[in-house]
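Chain by chain, the residues run as shown.
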Amino acid sequence: MFERFLKVLTSSVIKKQLMGLTGLLLCGFLLTHLIGNFLIFVSPEAFNTYAYKLTSTPLIYVAEAVLMGIFLLHLGLAMVLTIENKKARPVGYYMKQPTGRGSTFASSTMPITGIVIGIFIVLHIIHFKFGAHYSVTYGDVEMRDLYRLIIEEFQNKAFAFGYIVSMAFIGVHISHGFWSAFQSLGFNHPKYTTVLRCLSTIYAITIFGGFSSLPIYCFLQGVQ
Amino acid sequence: MSSEEKQLTLNLKVWRQKDGKDKGQMVDYTLEGVSTDSSFLEMMDQLNEKLVVENQDPVAFDHDCREGICGMCSLMINGQAHGPESETTTCQLHMRKFNDGDTVVIEPWRARAFPVVKDLMVDRSAFDEIIMAGGYVNVNTGNAQDANEILVPKEDADLAMDAAACIGCAACVASCKNASAMLFVSAKISQLALLPQGKLESDKRAQAMVEKMDELGFGNCTNEAECEASCPKGIDISNIARMNREYFKSAVVSKS
Ligand code: FES
């Protein structure tokens, strides 16, 4: 029984499906993260209060652990699948050309964009979550002034530029990953596959554009 | 012979390998007087005739029907499975697609599951093993049933027929950067899963065939659709999605 379960869990199809599912969950996280971040445009108080509320519930630890789990599963599966894929062709071709009718730039660079995103996430957490701790008081509640930290960080042009480039990598990754996840999960139908493909592009552009607007806005905030 | 027939001189780079143990290497040949009316395999025959005359070992390559229906021919031609033309097997590819003085690189299919036998010939019996694992239906022998006893909706029959167009040439594996066999396996699973005769055993079939495929060392699909683009029969990757559904369903629902 357990043996059967293990066999299914380690089968190519289920690994791909887990890859797709974790990818979609991460896509969902990115969207909520983006919407939360848009409070930067509203006011420092709105953004700081949001961040404060989010981090002051003990549930945040559960949420962080789950998110971390999803991310590590996605990363781990990516490594296993990529290694298996490399092993499946021990002797390569002397010459290999894409047909031009199948793979795209995004689809053929998934491991590379993935690695860049992984590095970005580590730096991102170091810079913001574990960055300088300023305080601010609204009414009589003292909280972290995350807004100030973000504005300060994005005064560094190279840092802001690096951030935008990383967002481009995420966008490219999503543009293939989003519809690809549905394909792995078994959703492919003439009725909606074109819609899914379009949605994939729209999602990628939204994430890229949305997150890129932040460093630009923050940089300009500091300039005045 | 057509009126525009031309003669080409080609620079061929062909993979030569004595046997499974030999390391093998690319060998250059110059072939003159190749008619634009000949097929790619006829060009290979011409090369071999020349090699025989020169007392050299002819190049081994797979072929059978030369009509695009048996799936025996293969070859990576200039880095593309079955060459540059879409929905065309190597045997149906014509030399008029090439220009005088072209360099043509010819290699065997490359995959761990397909060891090279000699030169351009690979052992594709891994595909047979996958079929043996579940690519069939069990039927009682005896008189043939009445043709219309089991009704099949037209849409299902069409989709099953599309999947059944697979000739098992393995261009999907060859063109996939992961050497994944998922297009082939999904076509075989689909053609049966779509029909009432195949539905009965579809649970067991999806499990058996997918797990056999994994065991044989094929890679995992990354949904790039190079297989679909290289398939001489235009098999759609929606079959792979169907296989994924079938496998998931069988893993969750199946009693076995
Ligand atoms: S030789 Fe039969 S399909 Fe090409």
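Residues numbered from 1 in each chain as written. Chains lettered and ligands numbered in written order. Predicted model: local features only at pLDDT ≥ 70, side-chain atom pairs only at ≥ 80, totals over all residues. Heavy atoms only, no water.

> Could you clarify how one ought to interpret the overall build of chain B in this entry?
Of the regular secondary structure elements, chain B holds 9 helices and 7 strands. The principal-axis extent of the C-alpha atoms belonging to chain B is close to 60 × 45 × 40 Å. Sorting the 256 residues of chain B into buried and exposed places 52% on the buried side. By sequence separation, contacts in chain B at least 24 residues apart represent 69% of the contacts at least 6 residues apart. For chain B, the accessible area works out to roughly 11800 Å², and carbon and sulfur atoms hold 49% of it. Charge-centre separation for chain B: the mean point of 26 positive side chains lies 5 Å from the mean point of 40 negative side chains. (Helix = DSSP H or I, 4+ residues; strand = E, 2+ residues; numbered from the N terminus. Buried < 20%, exposed > 50% of the residue type's maximum accessible area, 1.4 Å probe, protein only. Contact = heavy atoms within 4.5 Å. Areas by Shrake-Rupley, 256 points an atom, 1.4 Å probe, with all protein chains shown as cover. Lys, Arg positive; Asp, Glu negative; His and termini not counted. Charge placed at Lys NZ, Arg CZ, Asp CG, Glu CD.)

> Just to check I follow, could you spell out empty space enclosed by the protein for this structure?
Empty space among the atoms becomes apparent when a probe as large as a water molecule is rolled across them. All names here are of chain B. Following the criterion strictly, the structure yields 1 cavity of 30 Å³ or more and no others. Looking at the largest cavity, its volume works out to about 90 Å³. Along the walls of the largest cavity sit 14 residues, with C166, C169, C172, C231 and I235 positioned nearest its centre. Contributions of two or more residues to the lining of the largest cavity are made by α4 (171–175) and α5 (182–193). For the lining of the largest cavity, the element with the highest residue contribution is α5, accounting for 3 residues. Per-class residue counts for the lining of the largest cavity are 12 nonpolar, 1 polar and 1 charged. (1 Å grid on protein atoms, 1.4 Å probe; cavity = no way out; pocket = protein on both sides within 12 Å on 5 of 7 lines; lining within 4 Å. Points joined across faces, edges and corners; volume = space filled by probe spheres on them. Nonpolar A, V, L, I, M, F, W, Y, C, P; charged D, E, K, R; others polar.)

> Is there a simple way to explain the sheet that holds strand β4 (residues 80–81) of chain B in this structure?
Across a sheet, strands are paired by hydrogen bonds formed along the backbone, either parallel or antiparallel in direction. Residue and element names in this part refer to chain B. Read from one edge of the open sheet, 5 strands run β2-β1-β5-β3-β4, paired in mixed fashion. Taken across any chain shown, the strands that pair with only one partner, and hence form the sheet edges, are β2 (25–35) and β4. Running over the sheet, helix α1 (residues 40–53) touches β1 (7–16), β2, β3 (76–77) and β5 (103–107) and is turned about 105° from β2. (Pairing = 2+ DSSP bridges. Axes fitted to C-alpha atoms, helices over the stretch in contact; angles between N-to-C directions.)

> It is not clear to me how the environment of C176 of chain B should be interpreted in this structure. Could you clarify?
Note on placement: C176 of chain B falls in the loop between α4 and α5. Considering only alpha carbons, one finds C176 of chain B and M26 of chain B, 150 residues apart in sequence, at a separation of 22 Å.

> Is there a simple way to think about the domain arrangement of chain B in this case?
One frequent convention defines the size of an interface as the accessible area lost when the parts assemble. Residue and element names in this part refer to chain B. Per the domain assignment, the segments of chain B are domain 1 (7–117) and domain 2 (124–255). Taking only C-alpha atoms into account, the centre of domain 1 sits 29 Å from that of domain 2. Counting residues at the interface gives 20 residues for domain 1 and 20 residues for domain 2. Summed over both sides, the interface between domain 1 and domain 2 buries roughly 1400 Å², with carbon and sulfur atoms accounting for 62% of that surface. The tally of links between domain 1 and domain 2 comes to 1 salt bridge. With a shortest N-O distance of 3.3 Å, R124 and D62 are connected by a salt bridge. Scanning the region where domain 1 abuts domain 2 turns up 5 residue pairs in polar contact (both at pLDDT 80 or more). A class-by-class count of the residues in the side of domain 1 that touches domain 2 yields 10 nonpolar, 6 polar and 4 charged. (Domains from an automatic or database assignment. Buried area = accessible area lost by both parts, 1.4 Å probe. Salt bridge = Lys/Arg side-chain N within 4 Å of Asp/Glu carboxyl O. Polar contact = N/O pair within 3.5 Å; in protein donor to acceptor, adjacent residues only side chain to side chain.)

> It is not clear to me how helix α7 (residues 110–129) of chain A should be interpreted in this structure. Could you clarify?
A turn of α-helix holds 3.6 residues, and therefore any two residues three or four places apart point the same way. All names here are of chain A. Counted at 1.5 Å a residue, the expected span for α7 with its 20 residues is 28 Å, and the 27 Å between its end C-alpha atoms agrees. Of all the positions in α7, only M110, T113, I117, G118, F120 and F128 are classed as buried. Against the buried residues of α7 lie α5 (59–87), α6 (105–108), β2 (141–144), α8 (146–153) and α9 (157–184). (Expected span 1.5 Å × (residues − 1).)

> Sorry if this is basic, but what is going on with unusual backbone geometry here?
What you tend to see is this: most non-glycine residues have negative phi, and most peptide bonds are trans. All names here are of chain B. Positive phi, normally seen in glycine, also occurs at N78, with a value near 50°. Note that N78 resides in the loop between β3 and β4. Although it is not a glycine, D119 adopts a positive phi angle of roughly 45°. When you line up the elements, D119 lands in the loop between β6 (116–118) and β7 (121–122). Judged by relative accessible area, D119 falls into the buried class, the value being 2%.

> Explain the interface of chain A and chain B to me, please; I cannot follow it from the model alone.
Opposite the 40 residues of chain A that make contact, chain B presents 52 residues. Between chain A and chain B, roughly 3800 Å² of surface is buried when both sides are summed, and carbon and sulfur atoms account for 48% of that area. The largest share of the area that chain A buries against chain B comes from R89, Y93 and Y94 of chain A, three residues that together contribute 16% of it. Applying the counting criterion to the chain A and chain B interface returns 1 salt bridge. Here R4 of chain A ties to E211 of chain B by a salt bridge, and the two come within 2.9 Å at their closest N and O atoms. Here chain A is connected to chain B by 35 residue pairs in polar contact (both at pLDDT 80 or more). Of all the secondary structure elements, the ones that give two or more residues to the side of chain A that touches chain B are α1 (2–9), α2 (12–37), α5, α6 and α9 of chain A. Split into classes, the residues belonging to the side of chain A that touches chain B amount to 14 nonpolar, 18 polar and 8 charged.

> Where do I start with the nonpolar core in this structure?
It is characteristic of soluble globular proteins that their nonpolar side chains tend to be buried jointly. Core analysis: the largest hydrophobic core is formed by 48 residues, its most contacted members being W109, F114, F127, I130, V173, V185 and F218 of chain B. Put simply, the parts of the chain that give this core at least two residues each are α2 of chain A together with α2 (125–134), α4, α5, α7 (202–215) and α9 (238–253) of chain B. Among the elements that take part in this core, α5 of chain B stands out by supplying 6 residues, more than any other. Viewed by domain, this core spans two of them, domain 1 (7–117) and domain 2 (124–255) of chain B, each represented by three or more residues. (Core = buried A, V, L, I, M, F, W, Y, C linked by side-chain atoms within 4.5 Å.)

> Would you mind showing me how to read the layout of surface pockets here?
What the second largest pocket holds in volume is close to 310 Å³. What lines the second largest pocket is a set of 16 residues, among which P190 of chain A together with L159, D236, S238 and R242 of chain B lie closest to the centre. Residue assignment for the lining of the second largest pocket shows that the elements contributing at least two residues are α3 (154–164) and α9 of chain B. Of the residues forming the lining of the second largest pocket, the biggest block, 4 residues, is contributed by α9 of chain B. Split by residue class, the lining of the second largest pocket holds 5 nonpolar, 6 polar and 5 charged.

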